[in-house]
Amino acid sequence: MQRTERIVALALLAALLFNYPLLSLFARDGWVFGLPVLYVYLFSCWLLVLLLTGLVLRRRRHAAVPPRQGNGKDSGHV
């Protein structure tokens, strides 16, 4: 899967997580670790989306770096 496709998939996942059908499931009275359930859900999803975005961008950056060849003395840089 290409980088652009992964980013689009993450955007769709974020749109799904932060909109009506799923959001309404957590808009209830209740507490988790002293915090409202809705806040825990929102910040957990936000963290998940950020981590996945970082993972997608990190993998791509490492894949774009060409492997080193030689010891660097014959690279032509002065």
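Named according to an unreviewed UniProt entry, the protein is DUF3311 domain-containing protein originating from Alkalispirillum mobile.

Colleague: Can you help me understand the UniProt feature "transmembrane region" (unreviewed entry) in the protein in this one?
Modeller: Within this structure's numbering, the places UniProt gives as "transmembrane region" (unreviewed entry) are residues 37-57. Secondary structure content for residues 37-57 is 100% helix and 0% strand, and the end C-alpha separation is 30 Å.

Colleague: Would you take a moment to explain the packing of aromatic side chains for this structure?
Modeller: The geometry of an aromatic ring pair comes down to the distance between the two centres and the angle between the two planes. In the structure shown here, the tally under the stated rule is two aromatic pairs. The interplanar angle of 10° and the centroid separation of 4.0 Å between the aromatic rings of Phe-26 and Tyr-41 together place this pair among those described as stacked. Highlighted residues: Phe-26 in helix H2 (residues 20-26) and Tyr-41 in helix H3 (residues 37-64), separated in sequence by 15 residues. Taking the relative accessible area as the measure of exposure, Tyr-41 reaches 9% and is therefore buried.

Colleague: How should I be thinking about helix H1 (residues 3-17) in this particular structure?
Modeller: Each α-helix winds once per 3.6 residues, and so residues spaced three or four apart point in a common direction. For H1, built from 15 residues, the straight-helix expectation of 21 Å at 1.5 Å per residue is met to within 8% by its first-to-last C-alpha distance of 21 Å. Within H1, burial applies to Leu-10, Ala-14 and Leu-17. Viewed along the axis of H1, the buried residues span an arc of 65°, placing them on a single side of the element. What points out from H1, more than 90 degrees from its buried face, is the exposed set Thr-4 and Leu-12.

Colleague: Could you clarify how one ought to interpret unusual backbone geometry in this entry?
Modeller: Trans is the common state for peptide bonds, and a negative phi is the common state for residues other than glycine. Here the phi dihedral of Phe-33 falls at roughly 55°; this positive angle occurs in a residue that is not glycine. Mapped onto the elements, Phe-33 comes out in the loop between strand E1 (31-32) and strand E2 (35-36).

Scoring rules and cut-offs
- Residues numbered from 1 in each chain as written.
- Predicted model: local features only at pLDDT ≥ 70, side-chain atom pairs only at ≥ 80, totals over all residues.
- Heavy atoms only, no water.
- UniProt positions renumbered as here; feature names shortened; annotations may be inferred.
- Helix = DSSP H or I, 4+ residues; strand = E, 2+ residues; numbered from the N terminus.
- Phe/Tyr/Trp six-rings, centres within 6.5 Å; stacked < 30°, edge-to-face > 60°.
- Buried < 20%, exposed > 50% of the residue type's maximum accessible area, 1.4 Å probe, protein only.
- Expected span 1.5 Å × (residues − 1).
- Arc of directions from axis to C-beta.

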